[in-house]
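Now for the letters of each chain:
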Amino acid sequence: MVQDVPSIAILGAGPSGLLLARILTLNSIPYTVFERDGSPETLSRWGGTLDIHHDSGQIALAEAGVLDDFRRVARYEAQGTKIVDRHANVVLDIGGSESEKRPEIDRRDLRDLLLHSVPSGRIRWGSKVAKVERGNDGTMAVHLADNDKVLSGFNLIVGADGAWSKARNLINPARPVYAGNTFVTACVSKSNPYHSSLVELCGPGMYLAADSGHQIIAQGLADGSYQINISVPVTEGWQHSSSGGAGLISEPPALRAFLMQLYADWAPTITDLIRNSDDAFRLWPLYALPFESLRWESVPGITLIGDAAHLEIPDGEGVNRALTDGVSLARSIVKHYEGGDLDVAVREYEAEMLPRVRGEIESNEVKIKLLWSSDAPKGFVDAVMGGDFGKE
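Draft legend 1. Broad picture of the overall build of the protein chain. Looking only at helices and strands, the protein chain has eleven helices and 17 strands in total. Computed over its C-alpha atoms, the radius of gyration of the protein chain comes to 21 Å, within 12% of the 21 Å expected for a compact globule of 392 residues. Principal-axis analysis of the C-alpha atoms gives the protein chain an extent of 65 × 45 × 40 Å. Split into buried and exposed, the 392 residues of the protein chain put 55% on the buried side. For the protein chain, the share of sequence-separated contacts (at least 6 apart) that also reach a separation of at least 24 residues comes to 72%. About 17,100 Å² of surface is accessible on the protein chain, with carbon and sulfur atoms providing 50% of the total. Side chains of the protein chain give 37 positive and 52 negative charges; the mean places of these two sets differ by 2 Å.

Here's what the structure looks like:
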């Protein structure tokens, strides 16, 4: 029997949670999204760009009825990727021949697109979740952090709340493991005098300098600016002396000097990305869930999607996995909702998701290891040229 009150709680208004919310909306299934950000206007401008695949992410967007909206925003022009070593020698230049199948969209634009596709009243902004638990009556409850408020009576909680999910511990004890590197993220805006040089170097796509386990990446964004990611091999919890709250840097010159020293023996063409970036930096430590955590027994009343389920260091596939999770769970919920058995829906979804994700991560493992290895980028390029793996 369909209930008259929202019986589904979605933790997090990221791509996977919002796509799930959109499909539930289309099927008149009530839900509530809990989002820690105070409003859409407070969403971070950081996040870079994403390629949405024709055989995964775009299928999910089509099923959610927003593919046409995506196509109006996405960038279909040739993006391309140029990979260089520390001396700025080009070792691989991948053209944009796959742009039609993998158009780019900024992370924030994708989130905005999905936000506009769901009723605003379904999202509780400023709702940071402290924990979730099962009540004595078997239903699920959400505890909010800021005001100790408890919202109970949910038949299903969907953890779509990323790396540090508050729902995961009810399913398995896995916690993200630090990968040994932190990205320092910067930007080159269109008003930056260096911008024209970066356009010539990078074009609208990606410029990746990799060598001996270090990376510096420039990536073009929709507004013509560039996001710059500089890897720093540091211990977990590292905070540069110039770090402020939430990973933001309060004294950019000090951090810039540190990075220039770290990359002192790299070609000036590459270190110019550090030297000439805007005066704003953010720390992005890389974490991944242990591979063995991708097996669990289904737990009534709760499930996970996106990074909450299968956090991995960036491999170019994460958002497509997340969108596919969202549509897979939505299909199962729609199928079983009238019968009132959301636990069957969860078991059906997890039986599809877990082996799919395990296979994808195993398939990409060699590629990721080669890009971060001591002989990078040589090993990665040799594998590409030798056909050991292709662009999926």
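Draft legend 2. The layout of surface pockets, seen in detail. Counted as a void, the second largest pocket has a volume near 340 Å³. Lining the second largest pocket are 17 residues, with A288, E312, I313, I368 and K369 sitting closest to its centre. Mapped onto the lining of the second largest pocket, the elements with two or more residues apiece are β12 (177-188), β16 (282-288) and α10 (342-371). Residue classes in the lining of the second largest pocket are distributed as eleven nonpolar, two polar and four charged.

Draft legend 3. Structural context of the pairing of strand β5 (residues 90-94). As paired strands, strand β4 (residues 81-84) and β5 are joined by four bridges and run antiparallel to one another. Across the sheet, the residue bridging to V84 is V90, located in β5. Two successive antiparallel strands, β4 and β5, enclose a turn made up of five residues, where A88 displays a positive phi of approximately 70°.

Cut-offs applied
Residues numbered from 1 in each chain as written. Predicted model: local features only at pLDDT ≥ 70, side-chain atom pairs only at ≥ 80, totals over all residues. Heavy atoms only, no water. Helix = DSSP H or I, 4+ residues; strand = E, 2+ residues; numbered from the N terminus. Rg over C-alpha atoms; globule rule 2.2 N^0.38 Å. Buried < 20%, exposed > 50% of the residue type's maximum accessible area, 1.4 Å probe, protein only. Contact = heavy atoms within 4.5 Å. Areas by Shrake-Rupley, 256 points an atom, 1.4 Å probe, with all protein chains shown as cover. Lys, Arg positive; Asp, Glu negative; His and termini not counted. Charge placed at Lys NZ, Arg CZ, Asp CG, Glu CD. 1 Å grid on protein atoms, 1.4 Å probe; cavity = no way out; pocket = protein on both sides within 12 Å on 5 of 7 lines; lining within 4 Å. Points joined across faces, edges and corners; volume = space filled by probe spheres on them. Nonpolar A, V, L, I, M, F, W, Y, C, P; charged D, E, K, R; others polar. Pairing = 2+ DSSP bridges.

Taken by themselves, the reported measurements are silent on function.
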